[in-house]
Each structure stands twice: as structure tokens, then as C-alpha cells.
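If you want the building blocks of each chain, they are given just below.
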Amino acid sequence: MDILEKALEKSGQIEQSSTDHSTQLKPKLARSIPATKSSVKIDWGKLAAEGYLSNEEGKSGLAEQYRMVKRPLLTNAFSAAAEGINRSNLLLVTSSIPSEGKTFTAINLAISIANERDKNVLLIDADVAKPTLAKRLGITESPGLIEYLEDESLGFSDISLSTDIPNLQIIPAGKRHTFSTELLSSNRMLQFVEQLSERYSDRIVIFDSPPLLAATEAEVLAALVGQIVLVVSAETTMQNTVKEALKKLEDCDVVLGLLNKAKHEYAMSYYGYGGYGYGQYGQQHEAEE
Ligand SMILES: Nc1ncnc2c1ncn2[C@@H]1O[C@H](COP(=O)(O)OP(=O)(O)OP(=O)(O)O)[C@@H](O)[C@H]1O
Ligand SMILES: [Mg+2]
């Protein structure tokens, strides 16, 4: 029985992650923030009213929980461990079914990592079927990922938005498109994620995704990133549902299950997390050691 199955069996009990806090985070290349043409101001009041992390929050319970949540991701992304993970700085926040807290997690994670100062965070709304990121942040919808994939004349600076946090940029989803799955599996998307992983390796890219069992886009996106955060709504999502979603992630290097909305003092801890090299839900990675 692998770690995840054990965790699932406990259903609701939360294991604390085996984070290595001592590992140094070392960007592989020099720092680089590409230019954007537009700038937006995040509506912090709205976010705070909805229970999100703020850019100035240091000591709150939520801030502390996100410190725990981001640490293994950053370790996997930038430490020596990253060598074995393809596109380790690209993270997909997904879930089995709708409303488990993907967007909540993606936004809070982005704010928490941006608060690190020496990291640049790019938050991309890849929930192209049901984009909510812009609205949640209180910013106006603008051309985004879909337009970029459709129109080869557009560059990064045409779709990325700088924010009032200097090291946080956002790319909205853009307009709805009938063939969004095909666009996400296109060569242009592949080139885009390659650029994001290779050219700016001091950067964390967080993709807010659709749910795995409700749309085909999430599976396509999962194949493009180095790390997956699988958000599980603690009190409501059935074990079998999670297992079904995990089957779609079998080829992913690192999958971290994140219990959300848990009524527990360790709410938002990872479970089924085997650390780097134990990619597939706790199974020992063959190439490890
Ligand atoms: N840990 C949490 N604490 C408080 N509110 C939360 C938490 N997680 C999610 N929410 C709230 O629950 C609702 C659903 O969350 P969210 O929109 O992030 O889910 P989602 O998985 O992105 O949904 P969808 O599948 O529709 O994209 C939102 O109103 C969000 O603010
Ligand atoms: Mg969402």
C-alpha cells in the first residue's frame, strides 16, 4: 500500500509533510522579470473579505498554513531536488471535482510565495472553461492565455499583467474557446511552458486549473508541469473520487495532495506526500538514489 492509499484510508486525518526546511533554495539562472504592457491593482479589501491572504499578512494562521504549503513546492522547484523533476518550477493547482478550493489555493499560494521577495510569481488562470481568477482578484478581464495560444503575433508582454506586488504577475484566461483543450495541447503551449521553465528559473508559475474529472483541460495541463497540487475538500470529497482523479496523474513527477477546508488544527497540510523523488503518490521513483 502506498503512502497515498494509507492517507486516503485514514480519510480526514492529516499527516504533516516531510518538508526539508534546511534545503537551500538556489535559482539556477539569474533573476529575470520580463516586461508587461499593463498593470493592475489587486482589490485587497475584496480578497480579505473573502478570507484570502493579504500581501502584508505575516503572522496569521492562514499565512502560517501557506508557509507549510509552499515550502515543499519551493524545495522541489529550486533545490538540488529540482534536477530530477522536469519543469519543476511550474505548478498546477487542480482537484477532482469543482469547488474544492483550487482558485483559493492558487491565489493564496501566489501571494505567499510573492512575499518571499526573492521569487517571482506568475499566476496563470488556466481554467479556461470557467475563468474566475480576474474577478476574484477584483481586476478587469483582459486578453490572456487563450488569445496568446490562438494568435502567434502576441507575445508574453501582451497578455501578462504586473500588479501592485512587484514580483507577482498575472495572466488571465482570456476569452472562452470551443477548442481550448486543443489549444492547451498545442505546440505553442508547449513552447510557452518550456520558456517559462527554462528562461526564468527563479520564477514559480502557478496554473489555476479546471477539475480533473469534469473537464479534459486539466489532464492536458498536468502533463506540462513539474508539480501538481491536488486540492481535496476535506469534508466532502469521496475517497474513490480522489483515486479516480489520481489515475489521471499517474505520469506526473510530483503530486501533493492538499486537504482544504479541514476542520482541524493542521488544516491545509499535505497528505500522501512522499517528498521529491516519490513522485507518483508516494511510490518510490525508480530514478531516485
Ligand atoms: N480554505 C478555505 N477557507 C475559506 N474559504 C474557502 C476555502 N477554500 C475555498 N474557499 C471558498 O470556497 C469557494 C470555492 O472555492 P474555489 O473557487 O477556490 O474552488 P475551485 O476549486 O476553484 O472551484 P471551481 O472548480 O469552480 O473552479 C470560494 O468561495 C472560496 O473562496
Ligand atoms: Mg476555480
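Relevant structure appears above.
In this text, all values refer to a predicted model and were calculated from it rather than measured experimentally.

1. Description of unusual backbone geometry
(1) Moving on: Of note in the backbone geometry, R87 takes a positive phi value of approximately 55 degrees without being a glycine.
(2) Moving on: Looking at the element boundaries, R87 is found in the loop between α3 (61–78) and β2 (90–95).
(3) Moving on: Residue classification places R87 among the buried residues on the basis of 20 C-beta atoms within 10 Å.

2. Observations concerning the site of ligand 1
(1) Moving on: Among the 16 residues in the neighbourhood of ligand 1, the closest are listed as P98, G101, K102, T103 and F104.
(2) Moving on: Of all the elements, helix α4 (residues 102–114) adds the most residues to the shell around ligand 1, at three residues.

3. Regarding the packing of α3 against α4
(1) Moving on: α4 packs onto α3 with a crossing angle of 85 degrees between their chain directions and a minimal axis gap of 10 Å. When the interaxial angle is binned, α3 and α4 end up roughly perpendicular. Counted together, A63, Y66, R67, V69 and K70 of α3 and N108, L109, S112 and I113 of α4 form the full contact between these two elements.
(2) Moving on: Here the residues of the contact of α3 with α4 are counted per class, giving five nonpolar, two polar and two charged.

4. Things to note about the pairing of strand β7 (residues 227–233)
(1) Moving on: Burial of β7 is extensive: six of the seven residues sit out of reach of the surface.
(2) Moving on: Where β7 lies against strand β8 (residues 254–260), seven bridges are found, and the strand directions are parallel. Paired with S233 across the two strands is N260, which belongs to β8.
(3) Moving on: For the segment spanning β7, helix α11 (residues 239–247) and β8, crossover handedness is right-handed.

5. What to know about the pairing of strand β6 (residues 203–208)
(1) Moving on: When you tally the buried positions in β6, you get six out of six residues, the bulk of the element.
(2) Moving on: As paired strands, β2 and β6 are joined by four bridges and run parallel to one another. Within β6, the residue paired with V93 across the bridge is D208.
(3) Moving on: The pairing of strand β3 (residues 120–125) with β6 spans six bridges and is parallel. By the bridge assignment for β6, I124 is matched with F207.

Reading the values: rules and limits
Residues numbered from 1 in each chain as written. Chains lettered and ligands numbered in written order. Predicted model: local features only at pLDDT ≥ 70, side-chain atom pairs only at ≥ 80, totals over all residues. Helix = DSSP H or I, 4+ residues; strand = E, 2+ residues; numbered from the N terminus. Buried ≥ 20, exposed ≤ 12 C-beta atoms within 10 Å, placed from the backbone. Near = placed C-beta within 6 Å. Axes fitted to C-alpha atoms, helices over the stretch in contact; angles between N-to-C directions. Parallel < 35°, antiparallel > 145°, perpendicular 65-115°, else oblique. Contact = placed C-beta atoms within 7 Å. Nonpolar A, V, L, I, M, F, W, Y, C, P; charged D, E, K, R; others polar. Pairing = 2+ DSSP bridges. Right-handed = clockwise from strand over helix to strand, strands pointing away.

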